[in-house]
Amino acid sequence: MNYRMIFSTVGKVLFVEAVCFVLPFLVSLCYGEFMTMLWFGVCALIALASGFCLSFFLKPKSTAIYSKEGLITVALTWVFMSVIGALPFVMTGAVPSYIDALFETVSGFTTTGASILTEFDPGTGYLAMDKGLLFWRSFTHWIGGMGVLVFVTAISGKSSDRQIYILKAEIPGPTMDKIVPRSRDTAKILYLMYFGMTIVTFILLVCGGMSFFDGIIHALGTAGTGGFGIRVDGCASYSPFCQWVIAIFMFLFGVNFNLYYLILVGKIKDVLKSSELKLYVLLVVLATAAISINILSLYGSFGVALRHSFFQVATISSTTGFSSANFDTWPAFSKAILLFFMFTGACAGSTAGGVKLSRVMLLLKSGNRELKKVLHPRTASVVKADGKKVDESVISATGNYLAIYLACILVIFLAISVDGFNVETNFTASVSCFNNVGPGFGAVGPSGSYAGYSAFSKIVLTLGMLLGRLEIYPLLLVFIPNTWIKR
């Protein structure tokens with residue numbers, strides 16, 4: 001295994017993180033938060049020093065990288081980034097506990113949106129935290145949404161087909177196809193589309209009445225499908241126009257980015273053939289209609305019920321986590337639909353979390369095939385997606401992933417149940433963190449937080465967020481001794 005290449009790549013990512021600290025540094029400067037600005041500068045230097053040590057002293061003799069190296073590189077990168085990314089919260093005293101700061105930071109990078117922050121300014125309704133820290137908190141969503149290693153691949157001076165192993169490990173979904181032949185060009189296209197959609201979201205929010213700062217925060221959270229809020233009531237106090245904008249773009253960021261590229265090059269017919277996109281749209285439409293009818297009596301107006309229904313369906317299906325209403329008070333039927341989306345998520349190749357609809361489709365089609373075999377044992381049938389035969393190895397891998405996925409949620413649920421919260425709170429906290437959703441029900445609902453959990457449970461949930469964002473295997477490999485044995 002090419003250890004030097006792994007740690008050298010991690011070092012390069014830490015250089016990028018050091019540059020990322022410049023933006024909250026400038027935000028703190030603009031708002032006159034000089035001590036916070038100073039600590040961001042210190043954190044940038046720590047990231048630079050760490051990156052230099054890893055890149056200089058572990059300079060690789062060979063740049064060859066294979067599947068195992070790609071998985072481990074991604075896992076270690078996210079761990080190192082989170083460990084250093086948590087420092088500003090601790091150094092400024094905004095979050096005195098490092099475990100709490102790490103939980104908040106991992107929640108940001110993994111685009112989960114689960115928070116331990118509970119202090120709000122009673123006069124303004126905003127979180128009682130410096131603007132620079134609030135910006136960094138939401139900026140981690142944007143960084144983690146598409147993946148920092150995708151960005152490093154995009155700006156890398158060298159391009160290698162081997163880099164596809166990094167892209168595959170960091171971009172969620174059962175398969176990852178290159179948009180164009182070179183991995184570097186694929187990464188560039190992904191980030192250009194990501195950046196462009198973020199800018200459009202920001203412009204529309206500002207036009208809808210949001211302040212410049214609020215617009216940036218919510219555009220970053222929407223694009224990364226993260227969902228860190230900065231107001232005590234989430235998005236409820238913003239105008240209906242802004243709520244519609246956020247809801248629509250949460251839905252759009254849940255779509256496979258490969259389809260946006262096909263739209264750009266004029267291959268609309270190929271987009272319309274996507275069975276995953278059709279399922280995504282169908283489920284969102286049906287769920288929105290069902291919940292709108294179910295909660296109509298709570299709001300009195302179908303238009304208001306429709307807006308809140310679509311917002312909550314979009315935020316949970318895309319695993320963003322913003323809220324325009326306290327859906328924890330909704331009827332059980334509506335909550336059941338939202339719980340369903342906490343598991344499924346949106347499309348593969350998007351910034352959303354969850355098990356992904358492409359996997360759900362493969363499992364359903366595979367199950368249907370097995371039923372046909374029971375009725376007609378001699379019948380030979382294949383599983384197809386978008387008119388193409390799905391390789392048996394992909395179907396097998398999907399089944400294996402689901403088994404490990406459910407086992408991980410069960411272990412997390414059992415581990416955090418020692419804290420004394422009820423089953424609804426613990427179960428939805430486990431599902432929400434592992435699927436990178438953010439809010440759950442009960443004590444971790446839209447009006448609650450994860451602050452009440454013990455340090456042990458926060459560590460468990462933090463690992464769960466990383467496992468879910470990296471789709472289990474990269475992080476598990478790091479902890480398997482055989483991974484590090486040279487063969």
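Going by the structure above, here's the rest.
Residues numbered from 1 in each chain as written. Predicted model: local features only at pLDDT ≥ 70, side-chain atom pairs only at ≥ 80, totals over all residues. Heavy atoms only, no water.

## Describing the overall build of the protein
Using the following cut-off: Elements are defined by DSSP. Helices are runs of H or I of four residues or more, strands are runs of E of two residues or more, and each kind is numbered from the N terminus. Computation of the radius of gyration draws on C-alpha atoms, with the globule rule given as 2.2 Å multiplied by the number of residues to the power 0.38. Three exposure classes are used, based on accessible area relative to the maximum for each residue type with a 1.4 Å probe and protein chains only: buried under 20%, partly exposed in between, and exposed over 50%. Residue contacts follow a heavy-atom distance rule, with two residues in contact if any of their heavy atoms lie within 4.5 Å. Note on areas: Shrake-Rupley, 1.4 Å probe, and residue coverage restricted to the protein chains presented here. His is not counted, nor are the chain ends; Lys and Arg add positive charge and Asp and Glu add negative charge. In plain terms, the charge of a residue is placed at NZ if it is Lys, CZ if Arg, CG if Asp and CD if Glu.
Counting its secondary structure elements, the protein contains 23 helices and two strands. Here the protein has a C-alpha radius of gyration of 22 Å; the compact-globule value for 487 residues is 23 Å, and the two agree. In terms of overall dimensions, the protein has a C-alpha envelope of 75 × 70 × 50 Å along the principal axes. Taken across its 487 residues, the protein has 55% of its residues classed as buried. Within the protein, counting contacts between residues at least 6 apart in sequence, those at least 24 apart form 71% of the total. Accessible area of the protein: about 19900 Å², with a carbon and sulfur share of 69%. Charge separation in the protein, taken as the distance between the mean sites of 35 positive and 24 negative side-chain charges, equals 13 Å.

## Quick look at helix H6 (residues 98–109)
Test applied: A helix is expected to reach a length of 1.5 Å times the quantity of its residues less one.
With twelve residues, H6 ought to run about 16 Å at 1.5 Å a step, and its terminal C-alpha atoms sit 16 Å apart, in line with that. By the criterion of burial, H6 is predominantly enclosed, with nine of the twelve residues buried. Taken together, the buried positions of H6 are occupied by Asp 100, Ala 101, Phe 103, Glu 104, Thr 105, Val 106, Ser 107, Gly 108 and Phe 109. Residues of H6 that are buried make contact with helix H1 (3–20), helix H4 (67–85), helix H5 (87–91), helix H7 (131–146) and helix H22 (455–469).

## Observations regarding the environment of Tyr 260
Its location among the elements puts Tyr 260 in helix H13 (residues 257–264). Under the relative-accessibility criterion, Tyr 260 is labelled buried at 15%. Spatially, the C-alpha atom of Tyr 260 lies 26 Å from that of Leu 71, the residues being 189 residues apart in sequence. Residue contacts for Tyr 260: discarding those within four places in its chain leaves Met 193, Met 197, Leu 252, Phe 253 and Val 255.

## Details of the pattern of salt bridges
Definition in use: A carboxyl oxygen of Asp or Glu within 4 Å of a side-chain nitrogen of Lys or Arg is what we treat as a salt bridge.
Enumeration according to the criterion identifies nine salt bridges in this entry. Here Glu 104 ties to Arg 137 by a salt bridge, and the two come within 2.8 Å at their closest N and O atoms. On the criterion of sequence distance, the pair formed by Glu 104 in helix H6 and Arg 137 in helix H7 is long-range, its members being 33 residues apart. Classification of Glu 104 by relative accessible area gives buried; the value is 1%. We note a salt bridge from Arg 359 to Glu 471, for which the minimum N-O separation is 2.9 Å. In this pair, Arg 359 is assigned in helix H19 (residues 357–375) and Glu 471 in the loop between H22 and helix H23 (473–478), connecting sequence segments 112 residues apart. In this structure Arg 359 comes out as buried when scored by relative accessible area, which is 5%. If you follow the salt bridges from partner to partner, you end up with Asp 328, Lys 335 and Glu 424 in one network.

## Here we look at unusual backbone geometry
Phi at Thr 319 is positive, roughly 55°, even though this residue is not glycine. If you trace the backbone, Thr 319 turns up in the loop between helix H17 (302–317) and helix H18 (332–344). Phi is positive for Asn 436, close to 60°, though the residue is something other than glycine. Along the chain, the position of Asn 436 falls in the loop between helix H21 (423–434) and H22.

## As for the side chain of Asn 256
Operational definition: Distance and chemistry together define a polar contact, namely a pair of N or O atoms within 3.5 Å, with one atom able to donate a hydrogen and the other to accept it when in protein, and with adjacent residues in sequence counting only for side-chain atoms on both sides.
Among the structural elements, Asn 256 can be located in the loop between helix H12 (240–252) and H13. Here the side chain of Asn 256 touches Ala 348 through a polar contact of 2.9 Å, landing on its backbone oxygen.

## Remarks on the packing of aromatic side chains
To be explicit about the condition: In this scheme Phe, Tyr and Trp rings, the latter by its six-membered ring, pair at centre separations within 6.5 Å, and the angle between planes marks the pair as stacked below 30 degrees, edge-to-face above 60, and tilted otherwise.
The final tally for this structure, using the stated rule, is 30 aromatic pairs. A ring pair is formed by Phe 21 and Phe 40, whose centres lie 6.2 Å apart and whose planes are at 45°; its orientation type is tilted. You can see Phe 21 sitting in the loop between H1 and helix H2 (22–30) and its partner Phe 40 sitting in helix H3 (residues 34–57), a full 19 residues away along the chain. A relative accessible area of 0% means that Phe 21 is categorised as buried. A residue is classified by how much of its surface remains accessible, and Phe 40, at 1% relative accessible area, is buried.

## Overview of the packing of H7 against helix H11 (residues 212–223)
Put simply, the rule is: Interaxial angle, 0 to 180 degrees, is taken between N-to-C directions of lines fitted to C-alpha atoms, where a helix line uses only the stretch in contact. An angle counts as roughly parallel when it lies under 35 degrees, as roughly antiparallel when it exceeds 145, as roughly perpendicular when it falls between 65 and 115, and as oblique in every other case. It is the rotation of the near helix from the far one that decides the hand of a crossing: anticlockwise by less than a right angle makes it left-handed, clockwise makes it right-handed. Polarity classes work like this: nonpolar for Ala, Val, Leu, Ile, Met, Phe, Trp, Tyr, Cys and Pro, charged for Asp, Glu, Lys and Arg, and polar for all others, with Gly in that last group.
Between H7 and H11, the shortest axis-to-axis distance is 7 Å and the interhelical angle comes to 25°. Comparing their axes, H11 and H7 come out roughly parallel. You can see that H7 and H11 cross each other, and the crossing is left-handed. Across the interface between the two elements, Lys 131, Leu 134, Phe 135, Ser 138, Phe 139, His 141 and Trp 142 of H7 pack against Phe 213, Ile 216, Ile 217, Leu 220, Gly 221 and Ala 223 of H11. Of the residues belonging to the contact of H7 with H11, the class tally is nine nonpolar, three polar and one charged.

## Thoughts on helix H20 (residues 392–416)
Taking 1.5 Å per residue, 25 residues should reach 36 Å; H20 reaches 37 Å between its end C-alpha atoms and fits that length. Buried residues in H20 make contact with H18, H19, H21, H22 and H23.

## Quick look at a nonpolar patch on the surface
Put simply, the rule reads: Within this analysis, patches are made of residues with over 30% relative accessible area and no salt bridge. Like charges are joined at 9 Å or less; nonpolar side chains (Val, Leu, Ile, Met, Phe, Trp, Tyr) at 5 Å or less.
On the surface, a nonpolar cluster with roughly 520 Å² of combined accessible area is contributed by Val 19, Val 22, Leu 23, Leu 26, Leu 29 and Phe 34. At four residues, H2 tops the list of elements feeding residues into the nonpolar patch. Within the secondary structure, Val 22 is located in helix H2. Val 22 sits in the partly exposed class, given a relative accessible area of 39%.

## A few points about the packing of H20 against H22
One way to put it is that H20 packs onto H22 with a least axis distance of 9 Å and a crossing angle of 165°. The orientation of H20 relative to H22 falls into the category roughly antiparallel. The element H20 and its partner H22 pack so that their crossing is left-handed. Contacts between H20 and H22 involve Ile 412, Ala 415 and Ile 416 from the first element and Phe 456, Ser 457, Val 460, Leu 461 and Gly 464 from the second. Looking at the contact of H20 with H22, its residues break down into six nonpolar, two polar and no charged.

## What about the nonpolar core?
The line we're drawing: By convention a nonpolar core is built from buried Ala, Val, Leu, Ile, Met, Phe, Trp, Tyr and Cys residues, the set being connected through side-chain atoms within 4.5 Å.
Judged by nonpolar contacts, the single largest core of 122 residues is most densely connected at Trp 136, Phe 257, Tyr 280 and Tyr 450. Looking at this core element by element, the count peaks at eight residues for H7. Contacts of Trp 136, omitting those with residues within four sequence positions, involve Glu 17, Cys 20, Phe 21, Pro 24, Phe 40, Gly 85, Pro 88, Phe 89, Phe 109 and Ile 143.

Any functional reading would require information that these geometric values do not contain.
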